[in-house]
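Tertiary structure, described
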Amino acid sequence: MNDERPPGRDPAVVLLGALADAGVGIVASLPDSWLSPLLAAVEADPRMRHVKVTREDDAIGVAAGVALAGGLGAVICQNAGMLVGANALAGYAHLHELPLLVVAAQRGDVDDGFYYQAYKGRVVPPVLDALGVPYHRMRGGADPRLVTAAAEQARLHRRPVVLLLDRESLLGEAA
C-alpha cells in the first residue's frame, strides 16, 4: 500500500506554503517528533532561512529581530516552548509590540498518547491567556487560511500570535 500523500495534501507542504505565502522567510526552531516533517520541509526550501536554536526564548528573539528589520519571522516549537519563552513573548507583545508567528505542536491533548505531555496541553492555553498573547488552535488537518489569518493578526496587532496545532494538522494522522 502506498502511504504517501499527494504534495498538496502533505501537512508539512501545506504549512510551509502558507508560511511562505504569509511572507515568512526566516524560521527559528527547536525539534519535536511531531514537527520533524515540517522542519525538514523548512530546511529544504530555498525560500526559508532556518535557524536552529537550543532554547525557545532564543527562537522568539530571532523572530523578534526579523520584526525589527521589517519582516515577519516564525518560531516552530513544541507548546512547552511557550512556557520557557513566556517572558520573551510578554515583552515582545506588550513592551516592544513586535509581530511574530509561533507554530507550536499542541502536545498533551487528546491526540497525544504520552502521559508526560499531558500537563502541557492543560497549562499552555491559560498561560497564553494570562500573558495576553493571542492563540488559535488548528485541529483536524493543516489549514493554510489559519496560518495566513494569524500572520495578518500579528502584523495588524503588532504582537506575537501563537498557533497550537494538533497531531493531525502536523502529521496528517489522527491519534
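Here, the structure is the one placed above.
Residues numbered from 1 in each chain as written. Predicted model: local features only at pLDDT ≥ 70, side-chain atom pairs only at ≥ 80, totals over all residues. Heavy atoms only, no water.

1. Some words on a nonpolar patch on the surface
- On the surface, F114, Y115 and Y116 cluster together to form a nonpolar patch covering roughly 420 Å² of accessible area.
- Along the chain, the position of F114 falls in the loop between strand 4 (100–105) and helix 6 (118–131). (Patch = residues over 30% accessible without salt bridge, like charges linked within 9 Å, V, L, I, M, F, W, Y side chains within 5 Å. Areas by Shrake-Rupley, 256 points an atom, 1.4 Å probe, with all protein chains shown as cover. Salt bridge = Lys/Arg side-chain N within 4 Å of Asp/Glu carboxyl O. Helix = DSSP H or I, 4+ residues; strand = E, 2+ residues; numbered from the N terminus.)

2. Concerning the sheet that holds strand 1 (residues 24–29)
- Pairing within the open sheet is parallel, and its six strands lie in the order 2-1-3-4-6-5. Among the strands making up the open sheet, the edge pair consists of strand 2 (49–52) and strand 5 (135–138). Within this sheet the neighbouring strands show an average axis-to-axis angle of 20°, counted without direction.
- The sheet contact formed by strand 1 and strand 2 spans four bridges and is parallel. The residue of strand 2 that forms the bridge with V27 is H50.
- Sheet strands in contact with helix 2 (residues 36–44) are strand 1, strand 2, strand 3 (72–78) and strand 4, and its direction is about 125° off that of strand 2.
- Strands in contact with helix 3 (residues 56–68) are strand 1, strand 2, strand 3 and strand 4; relative to strand 3, the strand with the most contacts, it is inclined by about 165°. (Pairing = 2+ DSSP bridges. Axes fitted to C-alpha atoms, helices over the stretch in contact; angles between N-to-C directions. Contact = heavy atoms within 4.5 Å.)

3. Details of the environment of D57
- With respect to the helices and strands, the residue D57 is situated in helix 3.
- Taking the relative accessible area as the measure of exposure, D57 reaches 25% and is therefore partly exposed.
- For the pair formed by D57 and R107, sequence separation is 50 residues and the distance between their alpha carbons is 18 Å.
- Sequence-distant contacts of D57, defined by excluding residues within four places in its chain, comprise V84, G85 and A88.
- Looking at D57, its side chain comes within polar contact range of the side chain of R55, at 3.0 Å. (Buried < 20%, exposed > 50% of the residue type's maximum accessible area, 1.4 Å probe, protein only. Polar contact = N/O pair within 3.5 Å; in protein donor to acceptor, adjacent residues only side chain to side chain.)

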